[in-house]
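Residue-level listing of the chains:
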Amino acid sequence: MAAPDLRCRACGEETVTGPTYPPRCRCGGLWEAVDAGRYLDGLPAAPPTPLWEDRELPGRWKREDLSRTGSFKDRGAEVLVRVAAQAGARRAVLDSSGSAALAGAAAAAEAGIALTVHVPASVPTEKRSTLVLFGARVVAEGTRADAAKRALGEATEAFYLSHVHHPAFMAGTSRLAGEILGQLRGRPPATWVMPVGNGSLFLGLDAGLRAAGVSGIRFLAVQATACPGLRAPGNAGTTAAAGIAIADPPRREEILQALSRRDGEVLEVSEAEIDRARDHLWRRGAAVERASAAALAGMWRLPERERADVLAVLTGSGHRGGG
Ligand SMILES: [Zn+2]
């Protein structure tokens, strides 16, 4: 039997990722990696996304919107699907209609893993068709919560390709930190700004910097005022920035701990500020979704003198529809 790779954050129980894994520990706790580096063993570096500077924008911008399916989630999905394949999984399941589904569907297609994607009935036909083109089976019924319930129900028979539940996803996003450090030749800006929903980018970058032994970088987590999942979880307001519309992030405590360790804070921005930032970025040729533009809205909140020494992450493309 393989050595345990998953450890419960709450009670310390350990288990092994097989063709399936329990999405949570028996105590209800979420998993962390016993050794995240193991998930990356022998994995070649992904083609880097550009680091962008623009005369009408402060700071530097990491263009994750230009990755394979148009979001940073490709990094997580690639590693998670690799772990699934190595564990012998032939089938996988996920519940999402956004970036996580596209990234998961592309990676699963490449690995030859049969994927079922559960989405709510309200998901537009166009989005479903994209997933079908990747070979996924799409079940569109009920609400978002119904879709999540169906996926969890199937997780006893199929590998749960969840960007929240399996730490291999965060191991994948952690590689972004090393890539940024390499592109900046080890001289990273003092402040990193990023939109935060479930935190799979935020936690990955934090882990990646720790693994690289880099300290002293401050993180700013940008959220929509309408959906302040970090400050006021459960407050299910609606924001057009779908990628960060997470009312109750399961890894909230973990995100807040990392934020406090990094001397950071949460910046909440209005829908009008997000729209203005989105329009500004498109007019500079960066076609990003609203959740990405939230990073610029957050940066505009900083005092002018601080803005030059900032790195911001453009997390997702706006070409894919849906905000
Ligand atoms: Zn536990």
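A. The packing of aromatic side chains, seen in detail. A full pass over the atoms with the stated rule returns three aromatic pairs. Ring geometry for Trp 192 and Phe 219: centres 6.0 Å apart, planes at 15°, overall stacked. Of this pair, Trp 192 sits in strand β10 (residues 191-195) while Phe 219 sits in strand β11 (residues 218-224); the two residues are 27 residues apart in sequence, bridging distant segments of the chain. Judged by relative accessible area, which is 0%, Trp 192 ranks as buried. Accessibility expressed as a relative area gives 0% for Phe 219, which makes it buried.

B. Spotlight on the sheet that holds strand β9 (residues 159-160). With respect to topology, four strands assemble into an open sheet ordered β8-β7-β6-β9, the strand pairing being parallel. One side of each edge strand has no neighbouring strand; the edge strands of this open sheet are β8 (137-140) and β9.

C. Local environment of the side chain of Ser 99. If you trace the backbone, Ser 99 turns up in helix α3 (residues 99-111). Setting aside its immediate chain neighbours within four residues, Ser 99 contacts Ser 71, Lys 73, Glu 289 and Arg 320.

D. Up close: the coordination of the zinc ion. At this site the zinc ion is bound by Cys 8 (SG), Cys 11 (SG), Cys 25 (SG) and Cys 27 (SG), with donor distances of 2.3 Å. One way to put it: the four donor atoms around the zinc ion meet at angles of 103 to 118°, and that makes the site tetrahedral. Donor residues for the zinc ion, ordered by position in the chain, follow C-x2-C-x13-C-x1-C. Of this pair, Cys 8 sits in strand β1 (residues 6-8) while Cys 27 sits in the loop between β2 (14-15) and β3 (31-33), and the two are 19 residues apart along the sequence.

E. Representation of helix α6 (residues 167-183) within the structure. Under the 1.5 Å per step criterion, the end-to-end length of α6 is 25 Å for 17 residues, consistent within 8% with the ideal 24 Å. Here α6 lies mainly inside the structure; 14 of its 17 residues are buried. Positive backbone phi, at 50°, marks Arg 185, one or two positions downstream of α6.

F. Summary view of the sheet that holds strand β4 (residues 51-52). Strands sit in the order β4-β5-β13-β10-β11-β12 across an open sheet of six strands; the sheet is mixed. The sheet is open, and its two borders are formed by β4 and β12 (265-269), each paired with just one other strand. Bridge count between strand β5 (residues 60-63) and strand β13 (residues 310-314): four bridges; the pairing is parallel. Among the inter-strand pairings, Lys 62 is bridged to a residue of β13, identified as Val 313. Relative to β5, α6 is tilted by about 135°, and along the sheet it contacts β4, β5, β10 and β13.

G. Looking closely at the packing of helix α9 (residues 271-283) against helix α10 (residues 290-299). One way to put it is that α9 packs onto α10 with a least axis distance of 8 Å and a crossing angle of 100°. Taken together, α9 and α10 sit at an angle that is classed as roughly perpendicular. Along the contact surface, α9 presents Glu 273, Ile 274, Asp 275, Ala 277, Arg 278, His 280 and Leu 281, while α10 presents Arg 290, Ala 293, Ala 294, Leu 296 and Ala 297. When its residues are assigned to classes, the contact of α9 with α10 shows seven nonpolar, one polar and four charged.

H. Up close: α3. Between its first and last C-alpha atoms α3 spans 18 Å; for 13 residues at 1.5 Å apiece the expected length is 18 Å, and the two agree. Across the 13 residues that make up α3, a large majority, 10, are buried. Listing the buried residues of α3 in full gives Ser 99, Ala 100, Ala 101, Leu 102, Ala 103, Gly 104, Ala 105, Ala 106, Ala 107 and Ala 108. Looking at the buried residues of α3, the elements they touch are α2 (73-86), β6 (91-95), β7 (114-119) and α4 (125-133). Downstream of α3 by a residue or two, Gly 112 has a phi angle that is positive, lying close to 75°.

What counts as what
Residues numbered from 1 in each chain as written. Predicted model: local features only at pLDDT ≥ 70, side-chain atom pairs only at ≥ 80, totals over all residues. Heavy atoms only, no water. Phe/Tyr/Trp six-rings, centres within 6.5 Å; stacked < 30°, edge-to-face > 60°. Helix = DSSP H or I, 4+ residues; strand = E, 2+ residues; numbered from the N terminus. Buried < 20%, exposed > 50% of the residue type's maximum accessible area, 1.4 Å probe, protein only. Pairing = 2+ DSSP bridges. Contact = heavy atoms within 4.5 Å. Donors = N, O, S within 2.8 Å, 3.2 Å for Na, K, Ca; no water. Tetrahedral: all angles 85-135°; square planar, octahedral: opposite > 155°, others 65-115°. Expected span 1.5 Å × (residues − 1). Axes fitted to C-alpha atoms, helices over the stretch in contact; angles between N-to-C directions. Parallel < 35°, antiparallel > 145°, perpendicular 65-115°, else oblique. Nonpolar A, V, L, I, M, F, W, Y, C, P; charged D, E, K, R; others polar.

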